[in-house]
Amino acid sequence: MAYELEEIRQSQQIFYYLLEHHALAEEEEMVLYRAYTESENIQILVKSQGEEAQATIERYGSVIYLIPNQDNDFLGYSKKQLKSVLCRSNATDRDYYLSQFVIITLLVAFYDGQGSSSKARTYIRAGELLNLITDRLKEGAE
């Protein structure tokens, strides 16, 4: 399949934008977004660049996302890297998984996934967060 130079150039611009910003929203970068959504050739080129970078390019609503594959340590993080940042120096796997649980609990508290804007709140008190974590851990233990 032959591609025009302009299609290749635009696909590279889109992929670079995704590398830098991790997402491409229609309202923020309309020209690049439309180039991707209106040209099958550009979509194919961008997705193939994503495959080579061990990532997936997906469009949800009016946003295009760069999603690193699970084992992609270049665009994502390895377990060892996250563990060193999130936990104390002599942390166990249990500490690491607990930190992941706290992060997921925070995300669920702030983003409920309902409606056009999934944001549910803008702040949470520390005591409320501790209560949420305690409740979720109790539910999981049952």
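Residues numbered from 1 in each chain as written. Predicted model: local features only at pLDDT ≥ 70, side-chain atom pairs only at ≥ 80, totals over all residues. Heavy atoms only, no water.

Notes on the overall build of the protein
Part 1 of the argument: A tally of helices and strands in the protein yields six helices and three strands.
Part 2 of the argument: Along the protein, helices and strands appear, N-terminal first, in the series α-β-α-α-β-β-α-α-α.
Part 3 of the argument: Taken over the C-alpha trace, the protein has a radius of gyration of 20 Å; the compact-globule value for 142 residues is 14 Å, which it surpasses by more than 25%.
Part 4 of the argument: By the burial criterion, 26% of the 142 residues in the protein qualify as buried.
Part 5 of the argument: Within the protein, contacts between residues at least 6 apart in sequence are counted, and of these 39% link residues at least 24 apart.
Part 6 of the argument: Accessible area of the protein: about 10300 Å², with a carbon and sulfur share of 51%. (Helix = DSSP H or I, 4+ residues; strand = E, 2+ residues; numbered from the N terminus. Rg over C-alpha atoms; globule rule 2.2 N^0.38 Å. Buried < 20%, exposed > 50% of the residue type's maximum accessible area, 1.4 Å probe, protein only. Contact = heavy atoms within 4.5 Å. Areas by Shrake-Rupley, 256 points an atom, 1.4 Å probe, with all protein chains shown as cover.)

Topic: a nonpolar patch on the surface
Part 1 of the argument: Together, Val85, Leu86, Ile103, Leu107 and Tyr111 give the surface a local cluster of nonpolar side chains, amounting to about 470 Å² of exposed area.
Part 2 of the argument: Note on placement: Leu86 falls in helix H4 (residues 79-86).
Part 3 of the argument: The partly exposed category is assigned to Leu86, whose relative accessible area is 36%. (Patch = residues over 30% accessible without salt bridge, like charges linked within 9 Å, V, L, I, M, F, W, Y side chains within 5 Å. Salt bridge = Lys/Arg side-chain N within 4 Å of Asp/Glu carboxyl O.)

Considering the packing of aromatic side chains
Part 1 of the argument: In the structure shown here, the tally under the stated rule is two aromatic pairs.
Part 2 of the argument: Here the aromatic rings of Tyr60 and Tyr65 are separated by 6.1 Å at their centres, their planes lie at 45 degrees, and the arrangement is tilted.
Part 3 of the argument: Overall, the relative accessible area of 33% leaves Tyr65 in the partly exposed class. (Phe/Tyr/Trp six-rings, centres within 6.5 Å; stacked < 30°, edge-to-face > 60°.)

Observations regarding the side chain of Ser11
Part 1 of the argument: Residue position: Ser11 is located in helix H1 (residues 5-21).
Part 2 of the argument: Residues contacting Ser11, with those up to four places away along its chain left out, are Ile42, Leu45, Val46 and Gln49.

A word on the pairing of strand E2 (residues 55-60)
Both faces of the sheet carry side chains from a regular strand, because those side chains alternate between them.
Part 1 of the argument: Bridge analysis of E2 against strand E3 (residues 63-68) gives six bridges, and the strand direction is antiparallel. Across the sheet, the residue bridging to Glu58 is Tyr65, located in E3.
Part 2 of the argument: Taking the residues between adjacent antiparallel strands as the criterion, E2 and E3 are bridged by two residues, where Gly61 takes a positive phi near 65 degrees. (Pairing = 2+ DSSP bridges.)

Here's the deal with the environment of Asp93
Part 1 of the argument: Looking at the secondary structure, you find Asp93 in helix H5 (residues 93-110).
Part 2 of the argument: Measuring from C-alpha to C-alpha, the distance between Asp93 and Leu66 comes to 28 Å, with 27 residues separating the pair along the chain.
Part 3 of the argument: Within polar-contact distance, the side chain of Asp93 engages the side chain of Lys83 at 2.9 Å. (Polar contact = N/O pair within 3.5 Å; in protein donor to acceptor, adjacent residues only side chain to side chain.)

Describing the pattern of salt bridges
Part 1 of the argument: Considering all chains together, one arrives at three salt bridges under this definition.
Part 2 of the argument: For Glu6, the salt bridge is made with Arg9, and the minimal N-O distance between the two is 2.3 Å. Residue Glu6 and its partner Arg9 are located together in helix H1, separated by three residues, close to a single helical turn.

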